[in-house]
Amino acid sequence: MIRDLFELVDERTRTILGRLIGLTSIAAICQGMAFVALFPLLSAIIDDDESGVDRWFFVIAILAAVNVVLSVIAGSVARSGSASLLDSLLTTLGQRILSLPLGYFRDATAGRFSEMASSGIGFAAAVPHAVIRPVISGVLTPATIAIGVAVIDWRVGLTLLIAAPLIFVAYRGIGRATGHSDREHTAAAALATSRMIEFTRCQVVLRAADENSRGVGLVEEALVGQYEAFGRATKTQGRAVARLGSLVQAVFTAAVVLAVVLAITDHLDPVTLIALLIVVTRFTDPIIAAGVLSGGFSQGRNTLTDLKELLDTPGLSEPLQPVVPRRYDIEFRDVSAGYGGEYVINDVGFTIPENSLVAIVGPSGSGKTTLIRLLCRFADPDEGQILIGGVPLPEIGTATVNSLVTPLFQDTFLFDATIEENIRIARPNATTEELSRAIAASAVESMIGDLPGAMATNVGEGGTSLSGGQRQRVALARALLKDSPVVLLDEPTASVDAATEAAIIDALFALRDAHTVVVVAHRLHTVRDADLIIVLGADGRVVESGTHDELIAAGGLYREHWDRRQVGLTPTEEERVHG
Amino acid sequence: MGTDRANSDVGKARTSTSVGTATTAAVPPAVRPADLLKPVLGRLYGVAMLSVVTAVATVIPLLCVIEIADHAGDESHTRLWILAGILVIAAAIKGAASAGAGFYGHVIDNDVQLYLRSSLIAHIRRVPLGWIDSRRSSGIVAGVEGDVASVHHMVAHTVHETVVAILVPVISLVALFIVDWQFALIAVVPVIVTFLVMAVMLSTGAQKQQTYNRANENMAASVVEFVRGISVMKAFNVTAAGMDRYADRRRSLVEAWSDWSRQSNVYLALIDILTSPVTILLMMCAVGVGQTREGTPIGLIAGIVLGLGLAASIVAAAMNSEALISGISALGAIAEVLSTEPVPEPAEPVNLGGAGPLDATVVMEDVTFGYGAGDPVIQGISIEFAAGTTTALVGASGAGKSTVATLLARFHDPTTGRITLGGHDLREVATGDLYRHIGVVFQDPLLLSMSLRDNIRISRASATDDEIMDAARRAHIADDILNLPNGLDTVLGVEVELSSGQAQRVAIARAFVTRCPVLILDEPTAYADPDSEESVRAAVAELSRDRTVIMIAHRLSTVAGAAQIVVLDSGRVVERGRPEDLLKNVEGHYAKLWRAYGADAEISASAAPIDAIGGDGDS
């Protein structure tokens, strides 16, 4: 964990931590030496050697002073180390958010990162004073004492020194033993929790349930499973912890008994015996103190592991010299892509001519949204290539792709600002006329009337003060204002009524004079007049493509869906869209 | 004895399976935190006993060491042998007692955990559905789990550790006092001063800590915003602004932290000095050296052996007391949850299936309802839902449609007025009976992670596969089921993930099997994936035949086929009648809605589906 920490932080923090380790080490050794110095002091006291007493008391006083001064400084360094750690880790997180490929971000990512930033990194920041200092003291002080004791009497010293590897092995043993049963318990606990949540959520249904139905006993089964797994884990872990505890005890006992035996058999003088006994008694304190803290490690450690994983996540390859395409036709060549092991789109190939409007249709899960995401380079495809104007996206570079291609997804995000400000980020120095055109084309104009603040209405965090349909229109206006050569739209009319839908569709078709427009559509009637319709099948392959008339004539999947849709459409809807 | 009682209580909670047919008329008394530990109290005392043994057995070896030192120069070695022997035995006892206390504590803790969770489950069975509905189920469980974890810590670790951490210093200090009071003072005074310093530090630092906590919350929010907005920021090249905002929050957080810790610096440095073993060692040596005595400086030796570990021990006790406090407050929180008043069950419930075919008319008679002590959400609602007909509830968000629907499903009882089914007040019907007659299909289809078969026949375990497939056909989900490799045996959530529309249709198939005469729907097509919309529409239409259906409508296209439309506004009925009649009233509410929204747009100010009816926001 300390290693991970050093890898993750900046130079400044590393220096501070290094200084902390140095200071703590010296302080720990001083503490050990102070205890060892008890030997000569006690001898001097017993033998009534006044100058000896003075001398050794002075030595202990110096060691104590050094230890205290260094401890105080180390405390202060630890705290500034924590602040620096906090800053450094948060900066790293921020940089990663910025540089990770957009495809990395899934639904739960925001929550996960937020958790990392607030509690995870907080725990990690406590590491300097909660982990580094006690662990170093817990190792160096006893080591110093053990060496000192060995110098005074090698037999007793040896006993103490042997303890170290033994304790280490026992400590690791705990980790290994609990590893498996812990995993088992964690799984059983997770199941029990999810069953309890399910049970609570589904009460309406469960209250109607038949006593004999399966659903009734599920939660109790899971709870008993958890109970039994925990019982097993306790036994395993209990044994391992007991081993460690008794080992530490045994070392202490062995050392004491050995000293006594040696004294009794006249191999050790009484004074040395006394001093040895005292020192051995306090030998185990720092070890136990360090052990007690081991619980707190795990939370900080998990965060550091997560952060490391973030750092190690590969970014997209960016070109040194981005090539800017001159044309804006789009080509997909044998593209396959997916998440996890599965491909969502398979072997997809098609060409979209410049200045046209192309529709992509297909059932849910056929990969339509994935195509859009690939086209704005959220990620690179697993196989195949995507080209704009004949240039593959990796050669264009993500920054340039971002400026050339504007996506509009179904989950829109607006900033906590006014409607006008949100639209204007697309082009801050757009003229009023350009803004008006975007507002009109996206049907934002028609919705302004209902809002008290009109364009100055604040949309709230994420835009949640507006309805889904309203947010979409604002996002559309924003996309239109940017006026990039390629515009991608994922179901742009999902949440609006038929009249608004017609207006938006008209505007999109008007775009194609000077833009390449790709629309993912579910309502087939909206894209009937597209220059090209690409039909994806449930397996993510291109099933057929062509104009509406060609596809109707072909009598395939498109025709099937078209016929079914016609049944659902009310006459007024049809009228509105097609006049 | 304590064991038996604990086992039987746990066993009771473990096997209780009363499912909604409970007929207890009396409301059980509120649960007190102490009650929760009653089953294991005897055994906890056992752990405490072991802890006492551990503490004593920890100090005895130390006393032996002092004695050995005192008699190190003796001629006869018998004493030394005896002392060494006692030391070894005491150390062994300590090890055994400590391990035993730890292990035993965990065993007791396991029983307590099961008991607490089982109690929660048993209680959830009886609380008003409205109580569950107003909280996310994941939140309820997470809250209790967090509390259970605190209790776990308290039972399994803290009890033992606290007893030891208090007794060892106390015994050591007493022994030390007996040997030489000066060293006892040196050992204990720094500890007392440390506590005083800590108290001062905590009280003066409280405000800075609050500032830090707030900065921490802001940081977390900032991260969320940054992540959610990053793709938009990149698309419109405004990442710089986003980064700046993030950096701002970051700087504020680091500053708040530094500010807080800087203030404590002086106090912490002081504590460092006071509790450093070397400092105490030095002070003891000073006193020891100053004492004029012959022979072995027993006082100094006793001081070092007994007194040096004091500070660490007492600090450990303080930390444990924190865990103890949070364990106790966790028990309080759990007790509070378990004290939520359950739904009053009728002492002598009406048997709906009993006297001949049920008249499936539902009537709301002058119903008023509000949450808690607040303003009523709906007022004076009187509606008759004729048997076998469909009524659509229409209105803007906040108008009260969802409240009406949830009252009809007895999520709450009305504040005034009553709701009847076939003439019987809903409150007179036992819960199980009620929900076999009133089916509910809300946004969350509420399917359990078990086989499709078990899901569909959950209300009638005796339903045959034929009946199930027949219901599936009528729910337009039969083909989907047949296409699955394991068909009805397929386990949901494990072997397959259904689309929202498919899940809705499974819920509809379930309603068919239940044969409930009344149905309350939250327009299912609104939540279905686009491919399923048609099938869901057809399934709902089929399910609505010959049933009394009350449907919350989100889109006016759904409403057109209803026999009765009820328009709600601000908690009151403002219009009702047949759709064609209402449209004729051009200035009426219904007609206005048509003009504003058309057939397809969602009638709500926010896009989120009706406030969490029957489901989590994150399902």
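Only a predicted model underlies this, so the values are computations on that prediction, with no experimental measurement involved.

1. Section: the packing of aromatic side chains
And then number 1: Using the criterion set out here, one finds 11 aromatic pairs over all chains in the structure.
And then number 2: An aromatic cluster of at least three residues, connected via ring pairs, comprises A:Y104, A:F105 and A:F113.
And then number 3: Here the guanidinium or amino end of A:K482 rests over the ring plane of B:F236, the centre of that ring lying 5.6 Å away.

2. Describing the nonpolar core
And then number 1: Ranked by internal contacts, the top residues of the largest apolar core, which has 134 residues, are A:L93 and A:F113.
And then number 2: A total of 11 residues in this core trace back to one element, the largest contributor, which is helix α4 (residues 50-99) of chain A.
And then number 3: Each residue touching A:F113, except ones within four places of it in the same chain, is listed here: A:L93, A:I97, A:L100, A:Y104, A:F105, A:L310, B:V223 and B:V227.
And then number 4: With 84 residues, the next largest nonpolar core counts A:L206, B:L129, B:V148 and B:L407 among its residues.

3. Some points on the interface of chain A and chain B
And then number 1: Opposite the 117 residues of chain A that make contact, chain B presents 130 residues.
And then number 2: Between chain A and chain B, the buried area comes to about 11,000 Å², and carbon and sulfur atoms account for 72% of it.
And then number 3: The tally of links between chain A and chain B comes to 4 salt bridges.
And then number 4: With a closest N to O distance of 3.4 Å, A:E220 and B:R125 form a salt bridge.
And then number 5: Here the residues of the side of chain A that touches chain B sort into 64 nonpolar, 32 polar and 21 charged.

4. Digging into helix α19 (residues 468-482) of chain A
Residues and elements named next belong to chain A.
And then number 1: Taking 1.5 Å per residue, 15 residues should reach 21 Å; α19 reaches 21 Å between its end C-alpha atoms and fits that length.
And then number 2: Among the 15 residues that make up α19, 15 are buried, leaving the element largely enclosed by the rest of the structure.
And then number 3: Trailing α19 by a residue or two, D483 shows a phi angle of about 55 degrees, which is positive.

5. Description of the confidence of the model for chain B
Residues and elements named next belong to chain B.
And then number 1: Residues with a pLDDT of 70 or more make up 91% of chain B, whose mean pLDDT is 84.
And then number 2: Taken as a whole, residues 605-619 scores under 50 in pLDDT and shows 40 contacts with residues more than four places along the chain or in a different chain.
And then number 3: For this predicted complex, the interface score ipTM comes out at 0.82, while the overall pTM is 0.77.

Thresholds applied
- Residues numbered from 1 in each chain as written.
- Chains lettered and ligands numbered in written order.
- Predicted model: local features only at pLDDT ≥ 70, side-chain atom pairs only at ≥ 80, totals over all residues.
- Heavy atoms only, no water.
- Phe/Tyr/Trp six-rings, centres within 6.5 Å; stacked < 30°, edge-to-face > 60°.
- Lys NZ or Arg CZ within 6 Å of the ring centre and 35° of its normal.
- Core = buried A, V, L, I, M, F, W, Y, C linked by side-chain atoms within 4.5 Å.
- Buried < 20%, exposed > 50% of the residue type's maximum accessible area, 1.4 Å probe, protein only.
- Helix = DSSP H or I, 4+ residues; strand = E, 2+ residues; numbered from the N terminus.
- Contact = heavy atoms within 4.5 Å.
- Buried area = accessible area lost by both parts, 1.4 Å probe.
- Salt bridge = Lys/Arg side-chain N within 4 Å of Asp/Glu carboxyl O.
- Nonpolar A, V, L, I, M, F, W, Y, C, P; charged D, E, K, R; others polar.
- Expected span 1.5 Å × (residues − 1).
- pLDDT = per-residue confidence, 0-100.

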